[in-house]
Amino acid sequence: MKNLNPIMISGKEVLPLIEGGKGINASDGRSSGAWAHENCVGTFSGVSPDYYDENGKVIPEHYLTKNRLTRHVEMVEQSIKGCLAQAKIAHEISGGNGRIHMNMLWELAGSQQILTGVLEKAKGLINGVTCGAGLPYNLGEIASKFGVYYYPIISSARAFQVLWKRAYNRFMEYLGGVVYEDPWLAGGHNGLSNAEDPQTPQTPYERLVELRKTMNSVGLHEKPIILAGGVWALEDWQDYIDNPDIGKIAFQFGTRPMITKESPISDAWKKLMLQVKKGDVILQKFSPTGFFSSAIKNTFLSRLMERKQGEITFQKEASDEYSYPLEISETKKIFIKPEDAEKANKQIAAGYSEIKETPDDTVVFLSADEWVQMKEDRKNCVGCLSQCQFSAWSQAKGNSGRLPDPRSYCIHKTLYDVSHNGSIVDNLLFAGHQVYRFATDPLYRNGIPSVKELIERIKTGK
Ligand SMILES: Cc1cc2nc3c(=O)[nH]c(=O)nc-3n(C[C@H](O)[C@H](O)[C@H](O)COP(=O)(O)O)c2cc1C
Ligand code: SF4
């Protein structure tokens, strides 16, 4: 195992080990503070973080208004309070060691407002901001205004080049580094482009070399690349350390820190992760953001997969090809291909008799309960995304004008629920593709390690 030498991150020499930000509440002030305490970097999530009453009890997210637009405003206000609460906790726990970063999801509605609102009040508490899920053009300007370092999360050299040319070249001083997140391996949302095949992963090495070339060509030789996605044991990444073709590098861990004493996720969730097998994490495209994402195959994800498998194309008028009539409501009939009739009738017979149109001229089959829940979830929308495929909410227009997609789900509801002791069966469980390693890693044999113990282990290369 090569020596892990400290490098400059967000204005301080720290170990090149980073806890990745995880929303909602899957990395928080406590976990990030513990990482910083060990002279590493901790990242709390800025997506609807918890905040507390005067007795230190979590104030559950609540909405006083009925309209999506005004609830969106309430969501932004609560997020700012939550970020400040988590930043303070992190800062206290860190004891002034290491670095504290905040993670922001660019596709979150109001992300710029939240970031600005937090940085205005968090002087000295937050050293850096990481931001992915989309192309965060304005990140450099906002962070630089507050003298805070910024880290775009990208999955290709090309994406960085676009950001650099359009915006970041004017805000070079506070560009802390670039997070390369492997789009085939990382937990959470994945930045696969249309040209990349989810079934054909590429090793990160060539992609990192390409990114370093791009960064060097614009004078960013000294800025580190932070490698995220699939990082478990550093002995697997020896070729990447002290390698002039890659340059300064730090390693970001997303999934592995989830089983530590300081990790905020529930015991049931930790227990489940300890038992996941290879192949149980699925890279799929059900997220209402439209991005690919990686999550554990549980009942929640299986049902989405089944629904997608049961999808059938249709036409509104009968034709030679689409000649089989299918009643989808008392007043509406559509036409499907005769060869799909059996597939449709089987689903109806199995109780999936609510037939719902998607924005792609297809229908999917839901149970009556699922349909009731879907309507309820759409009604309760708080406008958390800039564009939501599930509810057709659009921050810019109020409604995107597209048909709400029944193949998707309310990500806000499910991530909030699972991170507040909700079901680990009926909610989405984001995880990276190396999660199966918990089951055989000796570190977890005698119970759950502390962050300190995990970092000690990581330093040995294991
Ligand atoms: C449960 C979970 C939630 C995540 N949420 C976010 C998020 O809100 N924003 C973000 O930029 N990355 C998020 N990530 C990605 C991590 O920060 C990290 O980059 C990634 O997990 C690294 O890959 P690994 O899981 O293989 O370690 C999430 C990952 C997980 C597992
Ligand atoms: S439906 Fe859910 S995921 Fe979509 S914008 Fe509303 S709160 Fe967010």
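1. Considerations on the site of ligand 2
Then step 1. Close contacts around ligand 2 come from 14 residues, with C381, C384, C388, S391 and C410 the closest.
Then step 2. By residue number, the principal contributor to the shell around ligand 2 is helix α11 (residues 411-418), which donates three residues.
Then step 3. Its residues placed into classes, the shell around ligand 2 shows 10 nonpolar, three polar and one charged.

2. Quick word on the domain arrangement of the protein
Then step 1. Taken domain by domain, the protein holds domain 1 (7-276 + 440-459) and domain 2 (312-406).
Then step 2. Placing a centre on the C-alpha atoms of domain 1 and another on those of domain 2 gives a separation of 36 Å.
Then step 3. Facing the nine residues of domain 1 at the interface are nine residues of domain 2.
Then step 4. Its residues assigned to classes, the side of domain 1 that touches domain 2 shows five nonpolar, one polar and three charged.

3. Brief notes about the sheet that holds strand β12 (residues 281-284)
Then step 1. What the three strands build is an open sheet, ordered β9-β13-β12; its pairing is antiparallel. The open sheet terminates on both sides in strands that have one partner only, identified here as β9 (188-190) and β12. The average undirected angle you get between the axes of adjacent strands in this sheet is 25 degrees.

4. Concerning helix α5 (residues 157-166)
Then step 1. Within the sequence span of α5, burial applies to A157, A159, F160, L163 and W164. Looking down the long axis of α5, one finds its buried residues gathered within 160 degrees of arc, a one-sided arrangement. Of the exposed residues in α5, those oriented more than 90 degrees away from the buried face are K165 and R166.
Then step 2. Its buried side turned inward, α5 meets β7 (149-154), β8 (178-181) and α6 (204-217).

5. Some thoughts on the site of ligand 1
Then step 1. G20, G187, G188, G254 and G432 are the nearest of the 28 residues found near ligand 1.
Then step 2. For the shell around ligand 1, the residue count by class is 11 nonpolar, 15 polar and two charged.

6. What to know about the sheet that holds strand β17 (residues 354-357)
Paired through their backbone hydrogen bonds, the strands of a sheet run either parallel or antiparallel.
Then step 1. Reading across from one edge, β14-β18-β17 is the order of the three strands in this open sheet, with antiparallel pairing throughout. Of all the strands in the sheet, just β14 (312-313) and β17 have a single pairing partner and so form its edges.
Then step 2. Bridge count between β17 and strand β18 (residues 362-366): four bridges; the pairing is antiparallel. Pairing of I355 across the sheet is with F365, part of β18.

7. Section: helix α10 (residues 368-379)
Residues separated by three or four positions in an α-helix point in the same direction, a consequence of the helix having 3.6 residues per turn.
Then step 1. Relative to the 16 Å expected for 12 residues at 1.5 Å per residue, α10 spans 17 Å between its end C-alpha atoms, a close match to the ideal helical length.
Then step 2. α10 sits mainly on the outside: one of its 12 residues count as buried.

Rules behind the numbers
Residues numbered from 1 in each chain as written. Chains lettered and ligands numbered in written order. Predicted model: local features only at pLDDT ≥ 70, side-chain atom pairs only at ≥ 80, totals over all residues. Near = placed C-beta within 6 Å. Helix = DSSP H or I, 4+ residues; strand = E, 2+ residues; numbered from the N terminus. Nonpolar A, V, L, I, M, F, W, Y, C, P; charged D, E, K, R; others polar. Domains from an automatic or database assignment. Contact = placed C-beta atoms within 7 Å. Pairing = 2+ DSSP bridges. Axes fitted to C-alpha atoms, helices over the stretch in contact; angles between N-to-C directions. Buried ≥ 20, exposed ≤ 12 C-beta atoms within 10 Å, placed from the backbone. Arc of directions from axis to C-beta. Expected span 1.5 Å × (residues − 1).

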